[in-house]
Amino acid sequence: MESIEFNKHQFMSDVLQMLHLNMDLFMYNLVHHAPYEMILYDWINKLYTKGTSSDDAVQLIYKARNILLLTPKNGLCSPNTP
């Protein structure tokens, strides 16, 4: 069981490092329910559960993040965003 948790922690650490995010700051923001970190944490967990490699996970996160941020209708950067 410890090996699984270590692998999951290592996967998260690798992904965050490749995304140029500091693990301590990420965890602090996650604990304080920062939306971006909560979404990212959910994505990382799902990708780990699916057995995705950390390299592939980063590429998928980049794509998902761009879709989330740049989709004109519901994206965070849409002109209708208050």
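Given the structure is predicted, the values throughout are model-derived calculations rather than measurements.

Asker: Help me out: how do you make sense of the nonpolar core in this one?
Answerer: Soluble globular proteins tend to pack their nonpolar side chains together in the buried interior. In terms of nonpolar packing, the biggest core is built from 13 residues, with Val15, Leu40, Ile44 and Ile61 touching the most fellow members. For this core, the elements supplying multiple residues, two or more each, are α1 (2–18), α2 (23–31), α3 (35–49) and α4 (54–70). Of all the elements, α1 adds the most residues to this core, at four residues. Non-local contacts of isoleucine 44, meaning those with residues more than four positions away in its chain, are made with Phe11, Met12, Val15, Leu16 and Ile61.

Asker: Please explain the packing of α3 against α4 as it appears in this structure.
Answerer: Any two packed helices are characterised by how steeply their axes cross, that is the angle between the axes, and by the distance between the axes. Axis separation between α3 and α4 bottoms out at 11 Å; the angle between their running directions is 140 degrees. Compared by their axis directions, α3 and α4 come out oblique. Considering only the axes of α3 and α4, their crossing is right-handed. Only Ala57, Leu60, Ile61, Ala64, Arg65 and Leu68 of α4 make contact with α3, whose side of the interface consists of Tyr36, Ile39, Leu40, Trp43, Ile44 and Leu47.

Asker: What should I look at first to understand α2 in this one?
Answerer: Side chains of residues three or four places apart in an α-helix project in the same direction, reflecting 3.6 residues per turn. Of the residues flanking the start of α2, the one acting as N-cap is asparagine 22, its side-chain oxygen 2.9 Å from the backbone nitrogen of aspartate 24. Phi turns positive, to about 60 degrees, at histidine 33, one or two residues after α2.

Asker: Explain the side chain of serine 54 to me, please; I cannot follow it from the model alone.
Answerer: Within the secondary structure layout, serine 54 lies in helix α4. According to the relative accessible area criterion, serine 54 is buried, its value standing at 17%. Once you skip the residues sitting within four places of it in the chain, serine 54 turns out to touch Phe11, Asp14, Val15 and Met18.

Parameters and conventions
- Residues numbered from 1 in each chain as written.
- Predicted model: local features only at pLDDT ≥ 70, side-chain atom pairs only at ≥ 80, totals over all residues.
- Heavy atoms only, no water.
- Core = buried A, V, L, I, M, F, W, Y, C linked by side-chain atoms within 4.5 Å.
- Buried < 20%, exposed > 50% of the residue type's maximum accessible area, 1.4 Å probe, protein only.
- Helix = DSSP H or I, 4+ residues; strand = E, 2+ residues; numbered from the N terminus.
- Contact = heavy atoms within 4.5 Å.
- Axes fitted to C-alpha atoms, helices over the stretch in contact; angles between N-to-C directions.
- Parallel < 35°, antiparallel > 145°, perpendicular 65-115°, else oblique.
- Left-handed = near helix turned anticlockwise from the far one by under 90°.
- Polar contact = N/O pair within 3.5 Å; in protein donor to acceptor, adjacent residues only side chain to side chain.

Taken by themselves, the reported measurements are silent on function.
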